[in-house]
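Survey of secondary and tertiary structure
Each chain, letter by letter, is given below.
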Amino acid sequence: MPARTFRSSDDSDHSYSRARAARTLTLFCGVCLLAPAAASAQNGGTTFVAMPKPSKIACVSSCESKTAVRGGGSIKVSGKQLSGVSKVIFTGSRGKRDDVEVQVDPASDRAIKLKVPMGARTGPLMVWAGERAQAKTKSVKIMPPPPPIKSAELTPSSGPADPGAPPLETGTSDTKFFLGERGGIEFKYRVGGSAPVKATVTLVRQNDGAIVQTWEAPSVAPGTIQSIRWEGSAPEGVAPQGRYIFLLSVTDGSGAVARSAGVDNPQRDAFDLWHFVFPVRGTHNYGQAGARFGAARSGHTHQGQDVMSACGVKLVAARGGVVKFKGYQGNAGNYLVIDLDGDDRDQAYMHLASASPLDKGDRVYTNQFIGPVGDTGDATACHLHFEEWSAPGWYDGGAPFDPLADLQAWDAYS
Ligand SMILES: [Zn+2]
């Protein structure tokens, strides 16, 4: 997977000098490794690229503590021979999977200022000059970005505006959006003033600055509430999980521009996209050894993970799709199987206290109620028996696999 790219401008962060004065802390010391190549041959010619020598990293903004920066904050890398540096890779943990690349344009030989992408994880930085000269720093501790600010109702926005530009109000329906939820996520806005304006709404992925979708309205009447919905699609297909932000820009008849927020504000009209929601909407635990996938049963092994919870607790679809089976069976009790949208797997829910209100063939949305936790069928206590099956699906040529890691991951954020 190629490293993701996040563009960082040295001039865009107005809080920089103030923050620098307040925080001159040194987080990390020396260079741990220097690659051997200092000369780089490109396009047949030979270009000398000085080996960058980063020596310390200081948190500049969104500093969580003396030793940690939050995602979306910024840091300064100081050292020598830095003017040739063109990119910095936040390497995260081992392997390239979580690498996030930032293009940089150093203002001097001694310092590089850069934004910490929202998707960057704790780990060393690789500082690159040209194609071959690279230096690795010590690990940078990166904390999760602050959560988005709830603003479902319209509130005045305080983004950058030209004198005379109309005032803006914006709101976003939620701070979390689960892929496949009914109606998608909604962004609303209202423009003040007295004359129609041209409006553009852009949905930006905060991790890498990519524009996911743009909505243009050539003439928006003042005082009217405008609404835009997004359902999770991106140019590459299903949008990846992460922080997203709606940005509104309007231009009035005189050319004055007002914006709802800056890309530097990762909390306003922002939300986190997740691909699944945890299905048991109440207190729960993962039971004893017998609750595990693969546990022995008389004549077979346990094909799912049990999630212990009180009778009657609400169950929702972890992911939407189409109801593939609904029924009652001696072992499973009331059960429901969903063929997921945008994903190869099937998911099965068993021992529901009563038959699901859904029927075979029904469309089901992520986070939609599918029935109550129960103990119908072969069960000694109320719980959800949850299965995941690989393609082509449940008793359809697929195979069950251990869903515990998925459940725990969804449980952690939803
Ligand atoms: Zn079970």
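Structure report, in brief. (Residues numbered from 1 in each chain as written. Predicted model: local features only at pLDDT ≥ 70, side-chain atom pairs only at ≥ 80, totals over all residues. Heavy atoms only, no water.)

Right, let's get into the state of the cysteines. One pass over the structure, following the stated rule, counts two disulfides. The partner cysteine of C311 in its disulfide is C382, sulfur to sulfur 1.9 Å. Here the disulfide of C311 and C382 is right-handed, its torsion about the S-S bond being about 95°. Of the two residues, C311 is situated in the loop between strand 28 (305-309) and strand 29 (314-316) and C382 in the loop between strand 34 (369-372) and strand 35 (383-389); the sequence distance between them amounts to 71 residues. With a relative accessible area of 55%, C311 lands in the exposed category. The class of C382 is buried, set by a relative accessible area of 9%. (Disulfide = S-S within 2.5 Å. Helix = DSSP H or I, 4+ residues; strand = E, 2+ residues; numbered from the N terminus. Buried < 20%, exposed > 50% of the residue type's maximum accessible area, 1.4 Å probe, protein only.)

Glancing now at the nonpolar core. Ranked by internal contacts, the top residues of the largest apolar core, which has 29 residues, are V280, Y349, I370 and W410. For this core, the secondary-structure elements that each account for two or more residues are strand 29, strand 31 (333-340), strand 32 (346-352), strand 35 and helix 2 (404-413). Broken down by element, the residue count for this core peaks at four residues, all from helix 2. When near neighbours in sequence (up to four residues on either side) are disregarded, V280 contacts V307, S309, V313, K314, L315, V373 and L384. By size, the runner-up hydrophobic cluster in this structure holds 28 residues, among which are V197, V201, A256 and A258. (Core = buried A, V, L, I, M, F, W, Y, C linked by side-chain atoms within 4.5 Å. Contact = heavy atoms within 4.5 Å.)

A word on helix 2. Listing the buried residues of helix 2 in full gives L404, L407, W410 and Y413. On its buried face, helix 2 is in contact with strand 15 (176-178), strand 24 (270-274), strand 28, strand 32 and strand 35.

It is worth spelling out the pattern of salt bridges at this point. Tallying each qualifying case throughout the model produces 16 salt bridges. A salt bridge links R190 to E169, with the nearest nitrogen and oxygen atoms 2.8 Å apart. Placement of the pair is R190 in strand 16 (residues 185-191) and E169 in strand 14 (residues 168-172), with a sequence separation of 21 residues. Relative accessible area serves as the criterion here: at 21%, E169 is assigned to the partly exposed category. Ionic pairing is found between R345 and D343, a salt bridge with its closest N-O pair at 2.9 Å. The exposure class assigned to R345 is buried, which follows from its relative accessible area of 15%. Exposure remark for D343: the relative accessible area of 21% places this residue in the partly exposed category. (Salt bridge = Lys/Arg side-chain N within 4 Å of Asp/Glu carboxyl O.)

Turning our eyes to something else, we now look at the pairing of strand 22 (residues 242-251). With respect to burial, strand 22 is a largely interior element, eight of its 10 residues being buried. Bridging between strand 17 (residues 197-205) and strand 22 involves eight bridges; their strand directions are antiparallel. Within the sheet, the bridge partner assigned to K198 lies in strand 22 and is T251. In this structure, strand 22 lies alongside strand 24, joined through four bridges in antiparallel fashion. By the bridge assignment for strand 24, Y244 is matched with F271. (Pairing = 2+ DSSP bridges.)

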